[in-house]
Amino acid sequence: MDATHLNNSPVSLPLRSLSRPLPAAFFKNRTLRPSRRRSLCLASSSETLVGGSLREDGRRRGGEAAAAVVVNKKEGELGGDLKTWMHRNGLPPCKVVLKERASHNERHQPIHYVAASEDLQAGDVAFSVPNSLVVTLERVLGNETIAELLATNKLSELACLALYLMYEKKQGKKSFWYPYIRELDRQRGRGQMAVESPLLWAESELDYLTGSPTKAEVLERAEGIRREYHELDTVWFMAGSLFQQYPFDIPTEAFPFEIFKQAFVAIQSCVVHLQKVSLARRFALVPLGPPLLAYRSNCKAMLTAVDGAVELVVDRAYKAGEPIAVWCGPQPNSRLLLNYGFVDEDNSYDRLGVEASLNTDDPQYQDKRMVAQRNGKLSKQVFYVYAGKEREAVFDMLPYLRLGYVSDPSDMQSVISSQGPICPVSPCTERAVLDQLVEYFESRIAGYPTTLSEDESLLADPTLNPKKRVATQLVWLEKKILHSCLQAAVDLINQLPDHTVSPCPAPYAPRLK
């Protein structure tokens, strides 16, 4: 289930209708849908999906409301929801039902979620989706060799899947995948807290993340998506033989970047990472999977590839009507927010990184680098601090930092000849190392515009903007980790036998970032 191991790690699909016709099928793959007459068509977004990118800036409010009404009307005309369509196309009887919860934005439709249709026990199969209803790169391209070539080249599986559904959307109801695309559109890439990934937030909304390293991660991922966009034409050139008989525009001419970005983020929020399958099948879009399933860090249930299907075996008991959850993989909260738009306060995988590096100006840099490598560390080493294990993380950093403080060549020779991460530790060196840690953690905490108590006051406000709420949850949890690290370093200083000792001068102290 972990969808973070992506090339640019990880339509809404809302996609706008394009201004010129596109072919009915971009990829020639008859196994993906029933046989039908192919034709050029340009489907109106109001007939198919809620169109366009919904920025909460008031633009196109009337049009969006009208589009939502039309979609609801069309859903009634189609005589059923996503699950009905799936049963009609091979989904066997299952033990789940689609329910809905209201969106915080009255202009958006309610969010659907998968719930138990009856009482379930741990080990029950909630549903089993046949492979004919699962979208993978192998099925999209119809050729496993080309699929694997693309996946190992400059284009991620997510980009290919997003591009495929962008073209499929243009067929409107003629597309076999219309009900599924409509459902993705309804969700608008929103997670279980009804919030989109920060990749789709306005610049002013990203300020909610000030002080957090997640803000830089968002900007870096956005640049990665832009690089993917410029590689989209690779699909056309590498897989052109699959659809050469159809007239079409190359992707970067057919779709503006913002449209692709929306599609990419929507796919990112629902892609499933299957285990023990070929490279071309490892990332899959599974109807009834995320984002309809809730993610939990302490859940062990996963969507699993079995013979001819992808199934979900629940790991706990559920009462009828309760939402069903799956494991999201070992992802910190920064990734959960970036990929799925939510934060898990009980996430045992939550962590912050502390980057320490040996000073390259140090005359003994090469010797220190050799000692660090001998002990499994790099000259630029990231130490991960997990929530609840901050003291252990600080202890893990100490030998590396002490190595950086060694200045006497004879002491360095002793370190080189010793076994293990052993460094001479004088009282003044230990005080200097701990003081550096204290200053570092204080500096990181000061980089946030709010305090822990101010965050708690914000989170107690039931009217808080959902995006600000999820961002505040993230920075609050990050600051709790940093405060615990700071306290661990202060405790170690208080345990020093002689508090009158001044820190040793360190012209080549290691750097902390």
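Above this text is the structure in question.
The rules behind each value
Residues numbered from 1 in each chain as written. Predicted model: local features only at pLDDT ≥ 70, side-chain atom pairs only at ≥ 80, totals over all residues. Heavy atoms only, no water. Pairing = 2+ DSSP bridges. Helix = DSSP H or I, 4+ residues; strand = E, 2+ residues; numbered from the N terminus. Contact = heavy atoms within 4.5 Å. Axes fitted to C-alpha atoms, helices over the stretch in contact; angles between N-to-C directions. Patch = residues over 30% accessible without salt bridge, like charges linked within 9 Å, V, L, I, M, F, W, Y side chains within 5 Å. Areas by Shrake-Rupley, 256 points an atom, 1.4 Å probe, with all protein chains shown as cover. Salt bridge = Lys/Arg side-chain N within 4 Å of Asp/Glu carboxyl O. Buried < 20%, exposed > 50% of the residue type's maximum accessible area, 1.4 Å probe, protein only. Parallel < 35°, antiparallel > 145°, perpendicular 65-115°, else oblique. Left-handed = near helix turned anticlockwise from the far one by under 90°. Nonpolar A, V, L, I, M, F, W, Y, C, P; charged D, E, K, R; others polar. Phe/Tyr/Trp six-rings, centres within 6.5 Å; stacked < 30°, edge-to-face > 60°. Disulfide = S-S within 2.5 Å.

**Q** Honestly, the sheet that holds strand β4 (residues 135-136) in this entry has me stumped. Any pointers?
**A** Pairing between the strands of a sheet is mediated by backbone hydrogen bonds and can be parallel or antiparallel. Strand order in this open sheet of three strands is β4-β6-β5, and the pairing throughout is antiparallel. The open sheet is flanked by β4 and β5 (271-273), the only strands paired with a single partner. Strand direction decides the pairing type here: β5 and strand β6 (residues 283-285), joined by three bridges, are antiparallel. Each bridged residue has a counterpart across the sheet, and for Val-271 the counterpart in β6 is Leu-285. Most of the contacts of helix α6 (residues 157-169) go to β6, to which it runs at about 25°, and overall it touches β4, β5 and β6.

**Q** Before we go on, may I ask you to explain a nonpolar patch on the surface in this structure?
**A** On the surface, Val-382, Tyr-384 and Tyr-386 cluster together into a nonpolar patch covering about 250 Å² of accessible area. Judged by its relative accessible area of 30%, Val-382 falls in the partly exposed class.

**Q** I would appreciate a short explanation of the sheet that holds strand β9 (residues 309-313) in the present structure.
**A** The sheet built from three strands is open, its strands ordered β3-β9-β8 with antiparallel pairing. Of all the strands in the sheet, the pair left with one neighbour each is β3 (125-130) and β8 (303-306). Taking each pair of neighbouring strands and ignoring which way they run, the sheet shows an average axis angle of 25°. For β8 and β9, the ladder comprises four bridges, and the chain directions are antiparallel. Counted as the bridge partner of Thr-304 is Glu-311 from β9.

**Q** How should I be thinking about the packing of helix α14 (residues 365-374) against helix α16 (residues 409-417) in this particular structure?
**A** Packed helices, taken two at a time, are described by their axes: the angle between them and the distance between them. For the pair α14 and α16, the least separation of the axes is 10 Å and the interaxial angle reads 25°. When the axes of α14 and α16 are compared, the pair comes out roughly parallel. For the pair α14 and α16, the crossing hand works out as left-handed. Across from Asp-367, Lys-368, Met-370, Val-371 and Arg-374 in α14, the residues of α16 making contact are Met-412, Gln-413, Val-415 and Ile-416. In terms of residue class, the contact of α14 with α16 is made up of five nonpolar, one polar and three charged.

**Q** Explain the packing of aromatic side chains to me, please; I cannot follow it from the model alone.
**A** For any pair of aromatic rings, the description consists of the separation of the ring centres together with the inter-plane angle of the planes. As enumerated under the stated definition, the model contains 13 aromatic pairs in all. Between Trp-85 and Trp-177, the ring centres sit 6.0 Å apart and the planes meet at 65°, which makes this aromatic pair edge-to-face. Separated by 92 residues along the polypeptide, Trp-85 in helix α3 (residues 82-88) and Trp-177 in the loop between α6 and α7 (178-187) bring together distant segments of the chain. Across this residue pair, the class does not change: Trp-85 and Trp-177 are buried. Ring centres of Trp-327 and Tyr-349 lie 6.2 Å apart, and the angle between their planes is 50°; on these two criteria the pair is classed as tilted. Residue Trp-327 is located in strand β10 (residues 325-327), and its partner Tyr-349 is located in the loop between α13 (333-340) and β11 (351-357); the two are separated by 22 residues in the primary sequence. The class of Trp-327 is buried, set by a relative accessible area of 16%. With a relative accessible area of 21%, Tyr-349 lands in the partly exposed category.

**Q** Would you explain the state of the cysteines in this entry?
**A** On inspection of all chains with the given rule, the structure shows one disulfide. One disulfide bridge connects Cys-428 with Cys-504, the sulfur atoms lying 1.4 Å from each other. Placement of the pair is Cys-428 in helix α17 (residues 427-446) and Cys-504 in the loop between α19 (466-494) and β13 (511-512), with a sequence separation of 76 residues. Residue classification places Cys-504 among the buried positions, given a relative accessible area of 17%.

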